[in-house]
Amino acid sequence: KNQSIFRGTAFSLELKDEHGDYISLPEPQFLSVDTIKREDLIYSDHIMEQVETNIFTPIEHSDACRTAGIPLKRGILLTGPYGTGKTLCATVTAKLALENGWTYILCTNADEFDDILQLAMNYGPTVIFCEDIDRVLSGKRTARTDDILNTIDGIGAKNGAEVITILTTNDVEAIEKAMLRPGRFDAVIDVQPPDAKAAIKLVELYSRGLLAENQDLTHVGDLLNGQIPAVIREVVERSKLSAISLSSGESVVLTSSALESAARSMGYQLKLLEAVTPDKRSEFVKGMSLVA
């Protein structure tokens, strides 16, 4: 309790084997956060503000929260489609946790969430992250659901425990509605693809200093408005490849026109993705499909 080598570290933990049986001696695995950079986490401004307020502030200003009487037992649900940066938020949170004296536990299996939550109370203050929680909290309310609710909201959890729980889902409509009230999930943050302003920031990030000076990226941002970061990254990489090709490998300098051309070249691929993905996407796909 007082001298654990895991207190104040970041680690993942798996309690059950592939058959669902408890492992007699589970082995936590330390997580490396050395290369994680907070500035790499880019969302649209209104989403970033919610993340800063509900996740980062309690971790970075814990004493101020305690003084103000704000409980550090908090639940955060990150919703939204695949590929919008929910997992990246978790990795940045892990780094902040270590920098501010919190323990960080990655729950690798949603079926083990309530067990991990009970364990985390021994390592407080603690952040727990678990993806795809709808696997165990969807559908009709069951005894299993009640077990999880009781663990989150039970007397033991309220007895001064300092545990921030961050869960994700790509299907928020499937989540048991009893979970969504404050006290269980204090904040539900809908992480959607970046808007034009955030898209420009991502282009600048992925360019890694290779952008030519004084480039107006307004049109690039408009083209990439509503696209997931993976698409934006590929646009930048294609621009780099084009620059290398045109210079016979002698120079890699990115211009706004090259980025626009690369964005348009994504049209056919995004049209195919649109055909198999029911998620609502931006008008970018429609416009680019005409060019393609």
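Look up a bit, the structure's there.
Description of the structure in this document. Everything quoted here is computed from the prediction, not taken from an experiment.

### A word on the pattern of salt bridges
Piece 1. In this structure the tally under the stated criterion is nine salt bridges.
Piece 2. For the salt bridge of Arg238 with Glu234, the shortest nitrogen-to-oxygen distance reads 2.9 Å. Separated by four residues within a single helix, Arg238 and Glu234 lie in helix H10 (residues 229-246), roughly one turn from each other.
Piece 3. On the basis of relative accessible area, Arg238 is assigned to the partly exposed category, the value being 23%.
Piece 4. One network of salt bridges, with partners in common, ties together Arg38, Glu52 and Glu60.

### Concerning the packing of aromatic side chains
Piece 1. One pass over the full model with this rule turns up three aromatic pairs.
Piece 2. Aromatic side chains Phe6 and Phe30 sit 5.1 Å apart centroid to centroid with 20° between the ring planes, which places their arrangement in the stacked category. Of this pair, Phe6 sits in the segment before strand S1 (10-13) while Phe30 is found in strand S2 (residues 29-30), placing the two residues 24 residues apart along the sequence.
Piece 3. Aromatic pair Phe11 and Tyr123: ring centres 6.2 Å apart, planes at 65°, arrangement edge-to-face. One end of the pair, Phe11, is in strand S1; the other, Tyr123, is in the loop between helix H4 (113-120) and strand S5 (126-130), and 112 residues separate them in sequence.
Piece 4. Owing to a relative accessible area of 1%, Phe11 belongs among the buried residues under this scheme.
Piece 5. Taking the relative accessible area as the measure of exposure, Tyr123 reaches 16% and is therefore buried.
Piece 6. Members of the aromatic cluster, joined through ring pairs, are Phe6, Phe11, Phe30 and Tyr123.

### Digging into the packing of helix H1 (residues 45-60) against helix H3 (residues 86-99)
Piece 1. Direction vectors running N to C along H1 and H3 enclose 20°, while the axes themselves pass 9 Å from each other. What the angle tells us is that H1 and H3 run roughly parallel. The two elements H1 and H3 meet at a crossing, and its hand is right-handed. For the pair H1 and H3, the contacting residues are Val51, Ile55, Phe56, Ile59 and Glu60 in the first and Cys89, Val92, Thr93, Leu96 and Ala97 in the second.
Piece 2. Its residues placed into classes, the contact of H1 with H3 shows eight nonpolar, one polar and one charged.

### Quick word on helix H8 (residues 196-207)
Piece 1. The end-to-end C-alpha distance of H8 is 16 Å, a good match for the 16 Å that twelve residues give at a rise of 1.5 Å each.
Piece 2. Along H8, the residues that are buried comprise Ala196, Ala198, Ala199, Leu202, Val203, Leu205, Tyr206 and Ser207.

### Focus on the sheet that holds S5
Piece 1. Taken in spatial order, the seven strands line up as S2-S1-S4-S5-S6-S3-S7 in an open sheet, and their pairing is mixed. Strand pairing shows two members of the sheet lacking a second neighbour, S2 and strand S7 (187-190), which therefore form its edges.
Piece 2. Summarising the sheet, strand S4 (residues 103-107) and S5 pair through five bridges and their orientation is parallel. The residue of S5 that forms the bridge with Ile105 is Ile128.
Piece 3. Against the sheet, H1 makes contact with strand S3 (74-79), S5, strand S6 (163-168) and S7, and its axis sits at roughly 140° relative to S7, the strand it touches most.

### Overview of the side chain of Lys86
Piece 1. Here Lys86 lies in helix H3.
Piece 2. Buried within the structure, Lys86 lacks any salt-bridge partner; its nearest side chain of opposite charge belongs to Glu131, at an N-O separation of 6.9 Å.
Piece 3. In terms of polar contacts, Lys86 uses its side chain to reach the side chain of Asn170, at 3.0 Å.
Piece 4. In contact with Lys86, other than residues within four places in its own chain, are Tyr43, Leu78, Thr79, Gly80, Pro81, Phe129, Thr168, Thr169, Asn170 and Val191.

### As for helix H11 (residues 256-265)
The periodicity of an α-helix, 3.6 residues per turn, causes residues three or four positions apart to be oriented the same way.
Piece 1. Turning to H11, its buried residues are Ser256, Leu259, Glu260, Ala262 and Ala263. Buried residues of H11 fall within an arc of 165° about the axis and therefore sit on the same side.

### So, unusual backbone geometry
Piece 1. Residue Asp132 is not a glycine yet carries a positive backbone phi of 55°.
Piece 2. One can find Asp132 in the loop between S5 and helix H5 (134-137).
Piece 3. Even without glycine at this site, Asn214 takes up a positive phi of about 60°.
Piece 4. Structurally, the position occupied by Asn214 is in the loop between H8 and helix H9 (218-224).

### Notes on the packing of H8 against H10
Piece 1. One can describe the packing of H8 onto H10 by two numbers: an axis separation of 9 Å at closest approach and a directional angle of 50°. For the element pair H8 / H10, the angle class is oblique. H10 is crossed by H8, and the crossing has right-handed handedness. Residue-level contacts link Ala199, Leu202, Val203, Tyr206 and Ser207 of H8 to Pro229, Ile232, Arg233, Val236, Glu237 and Lys240 of H10.
Piece 2. Per-class residue counts for the contact of H8 with H10 are seven nonpolar, one polar and three charged.

Cut-offs used in this document
Residues numbered from 1 in each chain as written. Predicted model: local features only at pLDDT ≥ 70, side-chain atom pairs only at ≥ 80, totals over all residues. Heavy atoms only, no water. Salt bridge = Lys/Arg side-chain N within 4 Å of Asp/Glu carboxyl O. Helix = DSSP H or I, 4+ residues; strand = E, 2+ residues; numbered from the N terminus. Buried < 20%, exposed > 50% of the residue type's maximum accessible area, 1.4 Å probe, protein only. Phe/Tyr/Trp six-rings, centres within 6.5 Å; stacked < 30°, edge-to-face > 60°. Axes fitted to C-alpha atoms, helices over the stretch in contact; angles between N-to-C directions. Parallel < 35°, antiparallel > 145°, perpendicular 65-115°, else oblique. Left-handed = near helix turned anticlockwise from the far one by under 90°. Contact = heavy atoms within 4.5 Å. Nonpolar A, V, L, I, M, F, W, Y, C, P; charged D, E, K, R; others polar. Expected span 1.5 Å × (residues − 1). Pairing = 2+ DSSP bridges. Lys, Arg positive; Asp, Glu negative; His and termini not counted. Polar contact = N/O pair within 3.5 Å; in protein donor to acceptor, adjacent residues only side chain to side chain. Arc of directions from axis to C-beta.

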